Amino acid sequence: MAMKRAASTTIQALASSGISSSTRRLHASPGSKKIVGVFYKGNEYASMNPNFVGCAEGALGIRNWLESKGHQYIVTDDKDGPDCELEKHIHDMHVLIPTPFHPAYLTAERIKRAKNLQLVVTAGIGSDHVDLKAAAAAGLTVAEVTGSNTVSVAEDQLMRILILTRNFLPGYRQVVNGEWNVAAIAYRAYDLEGKTVGTVGCGRIGRLLLQRLKPFNCNLLYHDRIKMDPELESQTGAKFEEDLDAMLPKCDIVVTNLPLTEKTKGMFDKDRIAKLKKGVLIVNNSRGALMDTQAVVDACSSGHIGGYSGDVWYPQPAPKDHPWRYMPNQAMTPHISGTTIDAQLRYAAGVKDMLDRYFKGEEFPPQNYIVKEGELASQYR
């Protein structure tokens, strides 16, 4: 009851600001629907792998299926600014399929103008590119393909931990530049064994990471709002830390596994970073906005952060002058960890399944809902 009252309060507050609180029907009415997908461009790489379905050219592999059912399927990578391709379809689209890797930001203002919009299905995991409170107030359904890329991201996190711990990138650069200076690498290269690794957030990805770290004989810690099942906790050997600020100074390596919400945005600010162990390594594949951008730059420059790696930025795509591109001891990449070919096939299949259910008037898998009937999923409250 408390959850429903809170959701009702949110909807009433947003309705008073001009956003409609009338519930839109999730299930498709008869007739052709306009479905808009926004994905990154594949360009010359689009034809190099038939399973490369996550790009705009691949279009999740569902174009023929949708068009055979009489629906209109618009796919674009052009999503920003008043004259972009997405803006041309805001007023009459029924379904939007965005992706975290090339996010189309569905703001409250866009939601207000999207009079026909009923459903937003994220191709991947993480729907913070949608104004979720505005979506709830407008009666939209927001869903994502929960679990589709958890393995992909957990594997990527393990890779980044090893890259930072072993000081791999300077060695690679030496080879590319024709150099040979072992000392310049070895003075800050360590074993992972025996190090304390703490994950901030321990949902599906965090648990997979802990399972993969166990064979390295690390000291594993985790902080989350929910304690793990005792059997799983025993299997991973991880220790629950209720107090985040008490856990962080213990960690040689900190990994973030949190959704971006009002509570988590900017949580790693100058003060919290100062509490970390000097020389700490940070891996952030969650969302760039969890971090205070300049605070990370300053800490990397001073050496307080010994290495920072991740594939998430704010905003995305990251502008050429983003300071994380130029800070020392970083191992950053574009947002790639959750869009492996294997993950693409999983989230493409998940999107198709939910669209099929939408057309048939069926419910989605419960774990896929982010906004349903005016209520936000627990991780976004």
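Residues numbered from 1 in each chain as written. Predicted model: local features only at pLDDT ≥ 70, side-chain atom pairs only at ≥ 80, totals over all residues. Heavy atoms only, no water.

The next thing to look at is the pairing of strand E11 (residues 305-310). Taken across its six residues, E11 has six buried, putting it largely inside the fold. Across five bridges, the pairing between strand E10 (residues 280-284) and E11 is parallel. When the bridges of E11 are listed, Ile282 appears paired with Tyr308. Note that the unit made of E10, helix H12 (residues 293-302) and E11 has a crossover that is right-handed. (Buried < 20%, exposed > 50% of the residue type's maximum accessible area, 1.4 Å probe, protein only. Helix = DSSP H or I, 4+ residues; strand = E, 2+ residues; numbered from the N terminus. Pairing = 2+ DSSP bridges. Right-handed = clockwise from strand over helix to strand, strands pointing away.)

Turning next to the pattern of salt bridges. Pairing between side chains becomes possible if they bear opposite charge and their charged atoms approach one another. Under the counting rule described, the total for this entry stands at 19 salt bridges. Among the ionic pairs, Arg357 bridges to Asp353, the shortest N-O distance being 2.8 Å. Here Arg357 pairs with Asp353, and both are found in helix H13 (residues 341-360), just four residues apart, close to one helical turn. Its relative accessible area of 32% is what places Asp353 among the partly exposed residues. Salt-bridge contacts for Lys360 lead to Asp356; the nearest nitrogen and oxygen are separated by 3.1 Å. On the criterion of helical spacing, the pair formed by Lys360 and Asp356 is a turn pair, its members being four residues apart in helix H13. (Salt bridge = Lys/Arg side-chain N within 4 Å of Asp/Glu carboxyl O.)

Strand pairing within a sheet occurs via backbone hydrogen bonds; the two strands may be parallel or antiparallel. Here seven strands make up an open sheet; going across it, the order is E2-E1-E3-E4-E5-E13-E14 and the pairing mixed. Because the sheet does not close on itself, it has two edges, and the strands there are strand E2 (72-76) and strand E14 (375-376). Sheet analysis places strand E3 (residues 95-97) next to strand E4 (residues 119-122), joined by two bridges and oriented parallel. Within the sheet, the bridge partner assigned to Leu96 lies in E4 and is Val120. Of the strands in this sheet, strand E1 (34-38), E3, E4 and strand E5 (141-144) are in contact with H13, which crosses E4 at around 160°. (Contact = heavy atoms within 4.5 Å. Axes fitted to C-alpha atoms, helices over the stretch in contact; angles between N-to-C directions.)

Side chains of Phe168, Tyr172 and Val176 sit close together on the surface and give an oily, nonpolar patch of about 330 Å² of accessible area. Owing to a relative accessible area of 53%, Val176 belongs among the exposed residues under this scheme. (Patch = residues over 30% accessible without salt bridge, like charges linked within 9 Å, V, L, I, M, F, W, Y side chains within 5 Å. Areas by Shrake-Rupley, 256 points an atom, 1.4 Å probe, with all protein chains shown as cover.)

There is about 1100 Å³ of room inside the largest pocket. Looking at the largest pocket, it is lined by 46 residues, and the ones nearest its centre are Gly203, Asn257, Leu258, Pro259 and Gln379. Within the lining of the largest pocket, the residues separate by chemical class into 17 nonpolar, 20 polar and nine charged. (1 Å grid on protein atoms, 1.4 Å probe; cavity = no way out; pocket = protein on both sides within 12 Å on 5 of 7 lines; lining within 4 Å. Points joined across faces, edges and corners; volume = space filled by probe spheres on them. Nonpolar A, V, L, I, M, F, W, Y, C, P; charged D, E, K, R; others polar.)

The subject of this paragraph is the packing of aromatic side chains. Within the structure shown, the criterion is met by nine aromatic pairs. Judged by centre distance (6.0 Å) and plane angle (25°), the rings of Phe101 and Tyr347 are stacked. Remark: Tyr347 occurs in helix H13 and Phe101 occurs in the loop between E3 and helix H3 (108-113); sequence separation between them is 246 residues. A relative accessible area of 10% means that Phe101 is categorised as buried. Ring geometry for Phe364 versus Tyr369: centroids 5.4 Å apart, planes at 20°, classification stacked. (Phe/Tyr/Trp six-rings, centres within 6.5 Å; stacked < 30°, edge-to-face > 60°.)

Further remarks concern the packing of helix H5 (residues 150-165) against helix H8 (residues 204-213). The geometry of H5 relative to H8 is characterised by a closest axis approach of 9 Å and an angle of 50° between their N-to-C directions. Classified by the interaxial angle, the pair formed by H5 and H8 is oblique. Of the two elements, H5 crosses H8, and the hand of that crossing is right-handed. Each of Thr150, Val151, Val153, Ala154, Glu155, Gln157, Leu158 and Ile161 in H5 lies in contact with H8, whose residues at this interface are Arg204, Ile205, Leu208, Leu209, Arg212 and Leu213. The residue inventory of the contact of H5 with H8, partitioned by class, reads nine nonpolar, two polar and three charged. (Parallel < 35°, antiparallel > 145°, perpendicular 65-115°, else oblique. Left-handed = near helix turned anticlockwise from the far one by under 90°.)

Side chains of strand E9 (residues 253-256) alternate between two faces, with Ile253 and Val255 and Val254 and Thr256 buried alike. For strand E6 (residues 196-200) and E9, the ladder comprises four bridges, and the chain directions are parallel. Residue Val197 lies in a different strand from E9, and its bridge partner there is Ile253. The pairing of E9 with E10 spans four bridges and is parallel. Directly across from Ile253, in E10, lies its bridge partner Leu281.

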